[in-house]
Amino acid sequence: MDAQGRGRAENIDPADQWVLNPDTGEYELRLSTSAPQSPVPGPRRSASGRTGGGNGGPARSRVAEPDRQSPPSSPGKATPSADVPGPRRRRGAPPEEPASRRGRRPVKKKSRAKKILVWTGGIMAFVIVGTAGAAYLYIEHLNGNITSVSDDGASTGGFSKDKAINLLVIGTDKRTGSGNEGYGDSGSVGHADTTILLHVSKDRTNATALSIPRDLIVDVPDCQTKQEDGTDKVIKGSEGVRFNTSLGQDGRTPSCTVRTVTELTGIKADNFMVADFNAVKTLSTAVGGVEVCLAKDINDTDSHLKLSKGTHLIQGEQALAFVRTRHSVGFGGDLSRIQIQQQFLSALMRKLKSNDTLSSPSKMIKLAEAGTKALAVDSQLDSINKLKDLGMELGKLDIKNLTFTTVPVVDNPAEKVKATVVLDKSSAPTVFQMIRDDVSFTAVKQQAAASKNAAAKAAAARLKGAQSSASEVRVQVMNGGAPPGSAQETLNWLQNDEGVTKSENAGNAPAALAKTTLEYAPDQAAQARKLAAVMGLPGTALKPGRSVQNAQGLPTMTLTLGKDFKGAGVSLTAATKVPDTVQKSTADKVQCAK
């Protein structure tokens, strides 16, 4: 029997033969003795009742696992066949402990599956299947499903387990796949229609999913690309264009979208994934439907969504219609569609995390099939093992600390008929900086406690009190690890833009510093507070100490630009609160589309 023939003799779905062992927390393959046994479960069921070697060929033997030996036979005890995946129990015999636990007291543990949040449409199904130790060929099958795309050097080179993760998820409007040609622009080259930057904190306690409006006016930089025919091509950038043109337009690849996001936010993605219309249909179907809520009846002739007020279980074409709806919700534009998409993704996350999904091997295998087929990934995520590692990191997150939000925007003031948007400069920079600084958008206990400690209070106290006028501030600027020319750049900005005329360039500092500091004498505290306000320095940057003499022999403060310096006029204060004008929601809350 071949790898895909397991269970066909009795028309049994292979997924139904995986059973959760409550003592080990792992899934085990349990086969009826009347059915022929094959080394690897197949991902699909067949109506035929074939037995033997598939197409008449010899049966495949189990692939040997390194560093694992079968135990010697004991008198009166049959040696298990090499073709039978363990662990299994003999008929009428008590449950047998896994090999790795024999000889010592068994310890009951929670199911690993229930600790893992299944991301990216069933990537983590491998974790369930792989624990049985008999899924080699099936894993190879999943590897064959994966489509990878070159990152063209636009990303960081891949996520790290000891750092924050930035994953760019790009949904295209390409109408490939069965039944999709009837939606809107059937000839679309595949623009960046729906784009989400997922930031997962270094400690994995929280995450932010930042939606980027497709109609946001941005500058698309020049990008080096690997074309489908294997040739390298530099595609010239464009200024003042819609964000969605960062993909597809003029032959732009996903790496161009990655570069555009970096240009826009200052955040460099570690990895990216690309999904088309089929992803929504297949993933929603694989989990058995996603429950959504409507605050009113909807009959949208453009998206073909027709649902009554209340909750509904949607999948397939109906799920696609839901996430495409915009004219019947909110203000009827793309920003309203983003909100309904965020509601759908929150509901999908809740369904993926539910016991109904995690405890069902059949659903997990369907998710593995759907996820690996529906998503194209960057070249750093081109195997199921790499995707599994990413899923393990993302699975540590509690969805109550996953915040969905959107890049703050305002209507484009250059347009009479409003069709595009531009950055809201009053709040967008704060959102970007919070993500860059790995600041949670939710009230996470660890960070709340850190903000209340004595050191934080003392630093904050240094910023309170009277401030001198800008013209009274005397400071020398030194470069202590910032990019070359930063001291002169800062000096020019202080003198010409901020009125700090009593400032001078003191050259390079004696040693490089990780953080920018401002040292001052006690009688210069008012000057220090003023300069901190001008430059956006946090209280921790202020170092009470001593003054030095400037070129005129007068006491002056010393500003040393460290490696964290981001440019003249760019604040160094990490935001601790999301601006009130920024709309946000968390994935654990059910919201109804309005």
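A short tour of the structure in this document, coming up. Note that this is a predicted model, so its numbers are computed, not measured. (Residues numbered from 1 in each chain as written. Predicted model: local features only at pLDDT ≥ 70, side-chain atom pairs only at ≥ 80, totals over all residues. Heavy atoms only, no water.)

Observations regarding helix α6 (residues 334-353)
Phase 1: Compared with an ideal rise of 1.5 Å per residue, which puts 20 residues at 28 Å, α6 spans 29 Å between its outermost C-alpha atoms and is within 8% of the ideal.
Phase 2: Where burial is concerned, most of α6 is hidden: 15 out of the 20 residues are buried. (Helix = DSSP H or I, 4+ residues; strand = E, 2+ residues; numbered from the N terminus. Expected span 1.5 Å × (residues − 1). Buried < 20%, exposed > 50% of the residue type's maximum accessible area, 1.4 Å probe, protein only.)

With respect to the nonpolar core
Phase 1: In terms of nonpolar packing, the biggest core is built from 50 residues, with Leu198, Met273, Phe322, Phe344, Leu390 and Leu402 touching the most fellow members.
Phase 2: At six residues, α6 tops the list of elements feeding residues into this core.
Phase 3: Setting aside chain neighbours within four positions, we find phenylalanine 322 in contact with Val292, Leu294, Leu305, Ile314, Ile340 and Phe344.
Phase 4: In terms of nonpolar packing, the next biggest core, distinct from the first, is built from 31 residues, Leu210, Val274, Phe432 and Ile435 among them. (Core = buried A, V, L, I, M, F, W, Y, C linked by side-chain atoms within 4.5 Å. Contact = heavy atoms within 4.5 Å.)

Side note on unusual backbone geometry
Phase 1: We note that aspartate 152 has phi near 55°; this positive angle belongs to a residue other than glycine.
Phase 2: Checked against the element boundaries, aspartate 152 lands in the loop between β3 (147-149) and β4 (165-172).
Phase 3: For aspartate 152, a relative accessible area of 14% puts it in the buried group.
Phase 4: Even without glycine at this site, aspartate 438 takes up a positive phi of about 60°.

Here we look at the pattern of salt bridges
Phase 1: In total, this model carries 14 salt bridges according to the counting rule given.
Phase 2: Note that arginine 214 and aspartate 215 form a salt bridge whose closest N and O atoms lie 3.9 Å from each other. One exposure class covers both arginine 214 and aspartate 215, and it is buried.
Phase 3: Each member of the salt-bridge network shares a partner with another, and the members are Asp193, Arg214, Asp215, Arg242, Asp334 and Arg337. (Salt bridge = Lys/Arg side-chain N within 4 Å of Asp/Glu carboxyl O.)

A closer look at the side chain of threonine 420
Phase 1: By the element assignment, threonine 420 lies in the loop between β18 (409-411) and β19 (421-423).
Phase 2: Overall, threonine 420 belongs to the buried group, its relative accessible area being 3%.
Phase 3: Of the polar contacts made by the side chain of threonine 420, one reaches the side chain of asparagine 412; its length is 3.0 Å.
Phase 4: A distance of 2.7 Å separates a polar atom in the side chain of threonine 420 from a polar atom in the side chain of glutamate 415.
Phase 5: When residues no more than four places from it in sequence are discounted, the contact partners of threonine 420 are Asp215, Ile217, Arg242, Asp411, Asn412 and Glu415. (Polar contact = N/O pair within 3.5 Å; in protein donor to acceptor, adjacent residues only side chain to side chain.)

A closer look at the packing of aromatic side chains
Phase 1: Within the structure shown, the criterion is met by one aromatic pair.
Phase 2: Ring centres of phenylalanine 322 and phenylalanine 344 lie 6.3 Å apart, and the angle between their planes is 40°; this geometry places the pair in the tilted category. With phenylalanine 322 in helix α5 (residues 316-324) and phenylalanine 344 in helix α6, the pair connects residues that are 22 residues apart, well separated along the chain.
Phase 3: According to the relative accessible area criterion, phenylalanine 322 is buried, its value standing at 0%.
Phase 4: Residue class for phenylalanine 344 comes out buried when judged on its relative accessible area of 5%. (Phe/Tyr/Trp six-rings, centres within 6.5 Å; stacked < 30°, edge-to-face > 60°.)

A closer look at the state of the cysteines
Phase 1: Counted under the stated rule, the structure contains one disulfide.
Phase 2: Put simply, cysteine 223 and cysteine 256 are joined by a disulfide, and their sulfur atoms are 2.1 Å apart. Between cysteine 223 and cysteine 256 the disulfide shows an S-S torsion of about 75°. By sign, it is right-handed. Here cysteine 256 lies in helix α3 (residues 254-265) and cysteine 223 lies in strand β8 (residues 223-226), a separation of 33 residues in the sequence. (Disulfide = S-S within 2.5 Å.)

Points about the sheet that holds strand β6 (residues 207-212)
Two pairing modes exist for strands in a sheet, parallel and antiparallel, and in both the strands are linked by backbone hydrogen bonds.
Phase 1: The sheet built from eight strands is open, its strands ordered β3-β16-β11-β4-β5-β6-β17-β26 with mixed pairing. Lying at the two open borders of the sheet, with one neighbouring strand each, are β3 and β26 (584-586). Averaged over all pairs of adjacent strands, the angle between strand axes in this sheet comes to 25°, irrespective of strand direction.
Phase 2: With three bridges joining them, strand β11 (residues 271-275) and strand β16 (residues 375-378) adopt antiparallel strand pairing. Within the sheet, the bridge partner assigned to valine 274 lies in β16 and is alanine 376. (Pairing = 2+ DSSP bridges. Axes fitted to C-alpha atoms, helices over the stretch in contact; angles between N-to-C directions.)

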